[in-house]
Amino acid sequence: MTTPTRWNRSLLYSSEKDPQIKADLARLAELSLAFEKYRGTLRAKVSRRSLAYVKQAFLDYAVIEEIFWKLDGFCDLLGYELADKVDTFCGKIHNTAYEVSKSSEFFVAEIAHLGDRWLQVLINDPRFKEFRNWIIELRDSKDHYLPVNESLILTGIKTHLDSLGEKIIQRDLEETVISATELGSRKKMHIKGVWELMERHASRAKRLMAYKALNRSLRASSPRAALLINSLGCASETCDDFLKYADPTARFCSENQLARPVFDLVLAKAREHLPLFRAYLKDQKHRLGLTHLGFQDIKANNMPRRKIPFDQAKQLVIDGYGKCSQVLATEASRIIRNHQFYFRTLDHIDSPLVLFGSSGTMPFGYVPFDGSWYQTDSLAHEMGHAINASLSRARGYYGFECNFLIAETMSTFGSLLLYDQISERGNAFKEKRTSLWDILRFVFQKIAHCQFELDVYARLKKDFAIDEPELESLWLASHREVFGNAVSLNQSFGTFWVYGSVFHTGIYSAPISYTFPYIFSQLVSLWLWNNYHKDGNKRKFVRRYLELNRAGSVASTAELLEPFGINLESPEFWDECFVVVKNLLIENGISVK
């Protein structure tokens, strides 16, 4: 592929000059102003059973949010494609849309603080059926919306990051000069001025725009600096989320409607089956002819050298989904045909992603395609997210977006359908081995990542202070637990804690949100995939799977998976998941005791 396949932004607006953008901003301002009538009234209206009034507030809030996310999504698409080019348009739209729509933010807090009695009134009333699960999630995580001393938290994070960042800068970036975007004008600056730049941006939207531009500039030159900027941006954007839960696992479980015992059970079972992971590592050491396996060796020589033509990769993915369901194949074909995916050989974004937008807009995806099997698998994975988002749009604002656990189950299942496609072709040892590593990485290596985040969070909770040696120590400890003696981890491996910016966002705003879901979803998708193949009535399975894709957030995680016969609280279910892992190892020629 020599030219990029760009997003079809006209699905949102025809261009930056589309008059509908100005019209939507005006409508957003008008609706937000009118929404003020609900401020401070909701509790009294619920207590008097004036529920038609309260329902209208729900509907009006959804309209405001839909317009905001349409504008925000369009700016995101422009921002990703323009990279570090000057873009005053995006800054203006982001800032205006956010400043206007934030006047309606009181709504969520007021609903959350109605109290359990009145929240239950809404949950039980049939008129609130479409909002029911949203209200339940709000009820279960209402502490998240308690007032906090934002300035104190931000000051604490700033002080810590200034100290930690100074050490990183002095060692790695003493003379680094970067280009940054500041309110539409180009400016050269030393990295030491990053925080000052952010503080000069009075609004959150402008701070966030500056953070994104700086992060893009730095990721290619220094992962340590990128981590620093990511942390600063996260502190600037989401400091009000920081440290609200005494136990971040409680927050995660409430937001994903997962019973806490299930969370503990999944990690316990994953640790119990670590010998499966070490069997792969032992086989890898034997294949490479090494006496000691280093971290850099655990996936070495797995990636096939042959390149997959772009059109062939797309067709492989579509055919994989088609073997399961023509509905899935049709959605995948339409998404690609409509240019809802952005494919490019090289780009400043180095990780695949899907931008969900809202129920009123189409999902858009990005895959940096280089012809490798890894990126073909990434396309299948991200396509699972996009199909899921497309099929659930009919649920509306309050119900279209499923939780992270279900979302990742959809995407990892898509990768397994691609595994079927390549398995049927034969002579695909390395492709299958690469896919197997991805499965093992999600199931087992994420244990280390999850534990590291929890350990860092616990340490930061004491006094906002943690230095690099301590971070390195925690990183090493969590990985040594997972790898055991199968991999030699030297002290320098401790510096790898800087390696993923999305991952580290979790430390400062939502620990384990980008780690545990991969363990959970990979295991559940393996179980579903195995039952799909052995189920004599594939039509029944496919019908249930499509229902799961369309379900959005209408029920809890356990309720959504129950139609398949899954009991998440059963240890036997999770053991069955690991039987599938074991069988995959054997299928790929790995000896398992």
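Keep in mind that what you see is a predicted model, and the values were worked out from it rather than measured.

Student: Explain the overall build of the protein to me, using residue names and the numbers behind them.
Tutor: Helix and strand content of the protein: 25 helices and five strands. Counting every position in the protein, which comprises 593 residues, the buried fraction comes to 56%. A separation of at least 24 residues holds for 75% of the contacts in the protein among residues at least 6 apart in sequence. Accessible surface, the protein: about 25000 Å² in total, of which carbon and sulfur atoms supply 51%.

Student: So what's going on with the pattern of salt bridges? Which residues, and what values?
Tutor: By the definition in use, this model includes 14 salt bridges. The salt bridge partner of Glu 36 is Arg 39, with a shortest N-O separation of 2.8 Å. For Glu 36, a relative accessible area of 31% puts it in the partly exposed group. The salt bridge involving Lys 269 is made with Asp 575; its shortest N-O contact spans 3.1 Å. Placement of the pair is Lys 269 in helix 13 (residues 260-272) and Asp 575 in helix 25 (residues 571-587), with a sequence separation of 306 residues. A relative accessible area of 10% means that Lys 269 is categorised as buried. Using a relative accessible area of 25% as the deciding quantity, one classes Asp 575 as partly exposed.

Student: Could you give me a rundown of the environment of Leu 391, with the residues and numbers involved?
Tutor: Position of Leu 391 among the secondary structure elements: in helix 17 (residues 373-391). Residues in contact with Leu 391, not counting those within four places in the same chain, are Val 327, Leu 328, Glu 331, Leu 546, Asn 549 and Arg 550.

Student: Give a detailed account of the packing of aromatic side chains, specifying residues and quantitative values.
Tutor: One pass over the full model with this rule turns up 45 aromatic pairs. For the pair Phe 131 and Tyr 398, a centre-to-centre distance of 4.9 Å together with 70 degrees between the ring planes defines the contact as edge-to-face. Remark: Tyr 398 occurs in the loop between helix 17 and helix 18 (404-425) and Phe 131 occurs in the loop between helix 6 (116-124) and helix 7 (132-140); sequence separation between them is 267 residues. Neither residue differs from the other here; Phe 131 and Tyr 398 are each classed as buried.

Student: Go over the nonpolar core, please, and point to the residues and values.
Tutor: Of all hydrophobic cores here, the largest spans 108 residues; its most connected members are Met 383, Phe 444, Phe 516, Phe 520 and Trp 574. The leading source of residues in this core is helix 19 (residues 429-463), at twelve residues. Listed in part, the 51 residues of the second largest apolar core include Cys 90, Leu 114, Phe 128 and Phe 131.

Student: How would you explain the confidence of the model for the protein if you had to name every residue and give the values?
Tutor: This prediction gives the protein a mean pLDDT of 77; 73% of its residues lie at or above 70. A low-confidence stretch, residues 145-244 (pLDDT under 50), is modelled with 177 contacts involving residues beyond four sequence positions or located in other chains. The model gives residues 500-509 a pLDDT under 50, and that stretch makes 37 contacts with residues more than four places away or in other chains.

Student: Account for helix 22 (residues 516-534), with residues named and values stated.
Tutor: Its 19 residues place the ends of helix 22 28 Å apart at the C-alpha level, agreeing with the 27 Å of an ideal helix rising 1.5 Å per residue. In terms of burial, helix 22 is largely enclosed, as 16 of its 19 residues are buried.

Student: Outline the packing of helix 17 against helix 18, supporting the account with residue identities and numerical values.
Tutor: Where helix 17 meets helix 18, the axes come as close as 7 Å, and the angle between the chain directions of the two elements is 135 degrees. Classified by the interaxial angle, the pair formed by helix 17 and helix 18 is oblique. Seen along the crossing, helix 17 lies across helix 18 with a hand that is right-handed. Of helix 18, the residues touching helix 17 (which contributes Trp 373, Thr 376, Asp 377, Ala 380, His 381, Gly 384, His 385 and Asn 388) are Ala 407, Glu 408, Met 410, Ser 411, Thr 412, Gly 414, Ser 415, Leu 418 and Ile 422.

Student: Can you explain helix 12 (residues 248-255)? Please cite residues and give values.
Tutor: Counting buried positions along helix 12 gives six out of eight residues, so the element sits mostly inside the fold. Buried residues of helix 12: Pro 248, Thr 249, Arg 251, Phe 252, Cys 253 and Ser 254, and no others. Backbone geometry just downstream of helix 12 places Gln 257 in the positive-phi region, at approximately 50 degrees.

Student: Before we move on, can you summarise unusual backbone geometry with the specific residues and values?
Tutor: For Arg 49, which is not glycine, the phi dihedral falls at a positive 65 degrees. For Arg 49, the position within the fold is in the loop between helix 2 (42-47) and helix 3 (51-82). On the basis of relative accessible area, Arg 49 is assigned to the partly exposed category, the value being 47%. Of note in this structure, His 339 is not a glycine but carries a positive phi near 60 degrees. With respect to the helices and strands, His 339 occurs in the loop between helix 16 (326-337) and strand 3 (341-343).

Student: Would you mind going over the pairing of strand 5 (residues 364-367) in detail, with residue names and values included?
Tutor: Judged by which residues are buried, strand 5 turns out to be covered on both faces: Phe 364 and Tyr 366 on one side and Gly 365 and Val 367 on the other are all buried. Of the pairings in the sheet, the one linking strand 3 to strand 5 comprises three bridges and is parallel in character. By the bridge assignment for strand 5, Tyr 342 is matched with Tyr 366.

Student: Outline the packing of helix 18 against helix 23 (residues 538-550), listing residues and values.
Tutor: Packing of helix 18 against helix 23 brings their axes to within 11 Å, and their N-to-C directions diverge by 135 degrees. Judged on the interaxial angle alone, helix 23 and helix 18 are oblique. Here helix 18 runs over helix 23; the crossing is left-handed. For the pair helix 18 and helix 23, the contacting residues are Ile 406, Met 410 and Phe 413 in the first and Phe 541, Tyr 545, Leu 548 and Asn 549 in the second. A breakdown of the residues in the contact of helix 18 with helix 23 according to their chemical character gives six nonpolar, one polar and no charged.

Student: I'd like a description of the side chain of Asp 24, backed by residues and values.
Tutor: With respect to the secondary-structure elements, Asp 24 resides in helix 1 (residues 19-35). A distance of 2.6 Å separates the side chain of Asp 24 from the side chain of Tyr 13, its partner in a polar contact. Excluding residues within four positions of it along the chain, Asp 24 makes contact with Tyr 13, Ile 67, Lys 70 and Leu 71.

Student: Give me the lowdown on the environment of Phe 35, citing residues and values where you can.
Tutor: Following the sequence through the fold, Phe 35 ends up in helix 1. You can call Phe 35 buried: its relative accessible area is 2%. Linking Phe 35 and Ser 101, residues 66 residues apart in sequence, is a C-alpha distance of 9.9 Å. Ignoring anything within four residues of it in the chain, the contact list for Phe 35 reads Ala 57, Asp 60, Tyr 61, Ile 64, Ser 104, Phe 106 and Phe 107.

Student: Can you explain the environment of Lys 593? Please cite residues and give values.
Tutor: Its place among the elements puts Lys 593 in the segment after helix 25. Lys 593 sits eleven residues away from Lys 582 along the chain, and the two C-alpha atoms are 9.5 Å apart.

Scoring rules and cut-offs
Residues numbered from 1 in each chain as written. Predicted model: local features only at pLDDT ≥ 70, side-chain atom pairs only at ≥ 80, totals over all residues. Heavy atoms only, no water. Helix = DSSP H or I, 4+ residues; strand = E, 2+ residues; numbered from the N terminus. Buried < 20%, exposed > 50% of the residue type's maximum accessible area, 1.4 Å probe, protein only. Contact = heavy atoms within 4.5 Å. Areas by Shrake-Rupley, 256 points an atom, 1.4 Å probe, with all protein chains shown as cover. Salt bridge = Lys/Arg side-chain N within 4 Å of Asp/Glu carboxyl O. Phe/Tyr/Trp six-rings, centres within 6.5 Å; stacked < 30°, edge-to-face > 60°. Core = buried A, V, L, I, M, F, W, Y, C linked by side-chain atoms within 4.5 Å. pLDDT = per-residue confidence, 0-100. Expected span 1.5 Å × (residues − 1). Axes fitted to C-alpha atoms, helices over the stretch in contact; angles between N-to-C directions. Parallel < 35°, antiparallel > 145°, perpendicular 65-115°, else oblique. Left-handed = near helix turned anticlockwise from the far one by under 90°. Pairing = 2+ DSSP bridges. Nonpolar A, V, L, I, M, F, W, Y, C, P; charged D, E, K, R; others polar. Polar contact = N/O pair within 3.5 Å; in protein donor to acceptor, adjacent residues only side chain to side chain.

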